[in-house]
Amino acid sequence: IVGGSFDPPHVAHLIMAETVREALRLDVVLFMPAGTQPLKQDREATHEDHRVAMTELAIAGNPHFALSRVDVDRHGPSYTADSLERLREQYGGLDRAAMWFVIGSDSLLNLHRWREPTRILAQARLAVVRRPGYEADLGALEGQVPGVTAAVDWVDAPLMEISSTDIRERLRQGRSVRYRVPGPVLAYIEQHGLYRPAEEQS
């Protein structure tokens, strides 16, 4: 499961997901666009309908990628522990499938700040993508989130300096994002006038 705002989805999301899928020999990677993210309420997100549509366009063509609406189809803040439990119900419980929740090592450092992190570990293992400068002290984290050390599978992925924040800013400045986002996603952004330069916004 790859969660995120996907505002917009970009090629680094896809490369990371495919790398994790191959490394852990996963059958499917679920892209789970977030509804209201408790740790990102200081920024107004693009409407979920647009983010879901762009995510669907981004993952189209890869038979191992699929979309989950488990977050966007509920009201209120999106807590990972709740989302994973709902996915477990959809897939028939703990005995029916192994699940991994994909995060970066930067997010692992803050896992103790997430809502009920031990509930997350009860539902899924953590596929942690290494990121330079974010080396987690698992010993210290274990004291805050018991069981986390045994639940981590490390994955090395290509380092790409691409982020949704940078893409939004480039578009607002009227700069090119070609090759940073899949072609169909860029066409959707242009068609719907998303992330327009400030002088074009009414």
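Each remark here, short or long, concerns the structure printed above.
Remember, predicted model here, so these are calculated numbers, not experimental data. (Residues numbered from 1 in each chain as written. Predicted model: local features only at pLDDT ≥ 70, side-chain atom pairs only at ≥ 80, totals over all residues. Heavy atoms only, no water.)

Chemist: Help me out: how do you make sense of helix α9 (residues 183–192) in this one?
Modeler: Two residues of an α-helix separated by three or four positions point the same way, owing to the 3.6 residues in each turn. Within α9, the full set of buried residues consists of V185, L186, Y188 and I189. With its buried residues spanning 160° around the axis, α9 presents them on a single face. For α9, the exposed residues lying more than 90 degrees away from the buried face are E190 and Q191. Residues of α9 that are buried make contact with α2 (48–59) and α8 (164–172). Directly beyond the C-terminal end of α9, a positive phi value near 65° is found at G193. (Buried < 20%, exposed > 50% of the residue type's maximum accessible area, 1.4 Å probe, protein only. Helix = DSSP H or I, 4+ residues; strand = E, 2+ residues; numbered from the N terminus. Arc of directions from axis to C-beta. Contact = heavy atoms within 4.5 Å.)

Chemist: So what exactly am I meant to see when it comes to the packing of aromatic side chains here?
Modeler: Taken as a whole and assessed by the stated rule, the structure comprises three aromatic pairs. Between F101 and W114, the ring centres sit 6.1 Å apart and the planes meet at 80°, which makes this aromatic pair edge-to-face. Within this pair, whereas F101 is found in strand β4 (residues 100–104), its partner W114 is found in the loop between α4 (105–109) and α5 (117–123), the two being separated by 13 residues in sequence. Looking at F101, the relative accessible area reads 4%, which means it is buried. The exposure class assigned to W114 is buried, which follows from its relative accessible area of 19%. One aromatic cluster is present, formed by F6, F31 and F65 through successive ring pairs. A cation sits over an aromatic face here: R115 above Y79, 4.4 Å from the ring centre. (Phe/Tyr/Trp six-rings, centres within 6.5 Å; stacked < 30°, edge-to-face > 60°. Lys NZ or Arg CZ within 6 Å of the ring centre and 35° of its normal.)

Chemist: Got a minute to help me understand the environment of E142 in this structure?
Modeler: Assignment of secondary structure puts E142 in helix α6 (residues 138–144). Between the C-alpha atoms of E142 and S164, which are 22 residues apart in sequence, the distance is 31 Å. A polar side-chain atom of E142 sits 3.3 Å from the main-chain amide nitrogen of V148. (Polar contact = N/O pair within 3.5 Å; in protein donor to acceptor, adjacent residues only side chain to side chain.)

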